[in-house]
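Chain by chain, the residues run as shown.
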Amino acid sequence: MKISIIGLGSVGSAVATAVKNTGLAREIVLFDRDGIRARAAAEDLGHASAFSYDVKITAVNNYRAIRGSEIVIIAAGANQKPGETRTDLLNKNAAVINDIVPRVMANVDAKKIKLIIVTNPLDVMVMLAQKISKLPAARVIGTGTMLDSARLRAILSRQLSVSTQSIDAYVLGEHGDSSMINWSSACIGAVALNDFCRQTKISLPATTRRTIEHRVHNAAYEIIQGRGATWDGIAAAVADLVRCIINDEHKILTVSVVDGAGDKALAMSLPRIVGENGVIATLNPKMDAAESTALRRSGKIIRKNFDSIA
Ligand code: NAD
């Protein structure tokens, strides 16, 4: 399969490596408005191929070269500087999506293409990319809260001394400061979280849950403070999504796609079944009243931000 990546900064480069390491791409095409950067990334990654899979990796300086791609990953645009929120990037990155999506659409098969959106603020960029591309909503997929859910599972794994693989717990809503943890549906193995805590005599009171939520919300800020940007977690999330699409895995992932139309259109993360044609179905997990309110609030924030640029 041919996969194109637009934007080869910290995230795009890490995504290229992670996607190459799935072994599922026959060809990876790299485009960045900074052509020197894209060429350097292709060169470096090409050398890495000698130690893993033989993948044809090319840097290109025009969009014609992405023809034949079945997946295009958009990781271009401004990232958060220390102290900035994702929403602070709204206008800058709306301009980037407005620049990229029409060029992509002019060179891909609209009947087949899946767009994966990584650029922040994620949910609004998904809405914008879907509106510009006019693709079915199921094929304009934002990584959403896949990363936030992974961060939650990592924290819970340490707190509960259980492998992340056995933790089924999701962050929903905005990939941003208003995201919420769906505690009511969290399961450890086949056991509901509250039952698990009772059986193992582990205490997870409301104060601890609030601290965990705070840590999930703050994870990106802390990484940006220490490293300048975040890239490993999101690259692994994109590779997981790409694998799920190529292998038609029907995995449940908290991705962001547009639901509804017109004034009611809204992209946010919910548990969704993903396969070769993108999102197949959306699930509505159990929620208590406070969680439902938090999710609605998150949706309103996304929609308000979208309306401010539309
Ligand atoms: P970066 O500054 O390192 O790289 C951005 C790249 O985009 C640069 O190489 C730049 O030349 C390129 N670019 C900008 N405008 C372009 C255009 N119009 N056409 C082609 N290329 C263009 O930034 P980064 O750290 O790689 O972050 C990229 C984006 O990913 C940011 O918006 C960031 O917030 C987002 N991000 C999302 C998640 C997530 O979970 N969805 C996680 C981390 C970062």
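These notes cover the structure that comes with them. (Residues numbered from 1 in each chain as written. Predicted model: local features only at pLDDT ≥ 70, side-chain atom pairs only at ≥ 80, totals over all residues. Heavy atoms only, no water.)

1. Side note on the sheet that holds strand β10 (residues 187-188)
Taken in spatial order, the three strands of this open sheet run β7-β10-β11, and their pairing is antiparallel. At either end of the open sheet lies a strand with only one pairing partner, and these are β7 (167-168) and β11 (191-192). Examined bridge by bridge, β7 and β10 share two bridges and lie antiparallel to one another. Across the sheet, I167 pairs through a bridge with I188, a residue of β10. (Pairing = 2+ DSSP bridges. Helix = DSSP H or I, 4+ residues; strand = E, 2+ residues; numbered from the N terminus.)

2. A closer look at the site of the ligand
Neighbouring the ligand are 27 residues; V11, D32, R37, A78 and D99 lie closest to it. Residue G77 places a main-chain N or O atom 3.2 Å away from an oxygen atom belonging to the ligand. Burial of the ligand by the surrounding chains reaches 91%, relative to a free accessible area of 870 Å². Elements that contribute at least two residues to the shell around the ligand include exactly α1 (10-20) and α3 (90-105). Broken down by element, the residue count for the shell around the ligand peaks at four residues, all from α3. When grouped by side-chain class, the residues that make up the shell around the ligand number 13 nonpolar, ten polar and four charged. (Near = heavy atom within 4 Å. Polar contact = N/O pair within 3.5 Å; in protein donor to acceptor, adjacent residues only side chain to side chain. Areas by Shrake-Rupley, 256 points an atom, 1.4 Å probe, with all protein chains shown as cover. Nonpolar A, V, L, I, M, F, W, Y, C, P; charged D, E, K, R; others polar.)

3. Focus: the packing of α1 against helix α8 (residues 232-246)
Running from amino to carboxyl end, α1 crosses α8 at an angle of 45°, the nearest separation of the two axes being 8 Å. Looking at the two axes, α1 sits oblique to α8. In this structure, α1 crosses over α8, and the sense of that crossing is right-handed. From α1, V11, A14, V15, A18 and V19 reach across to α8, where they touch I234, A235, V238, A239 and V242. (Axes fitted to C-alpha atoms, helices over the stretch in contact; angles between N-to-C directions. Parallel < 35°, antiparallel > 145°, perpendicular 65-115°, else oblique. Left-handed = near helix turned anticlockwise from the far one by under 90°. Contact = heavy atoms within 4.5 Å.)

Purely geometric stuff here, so don't read any function into it on its own.
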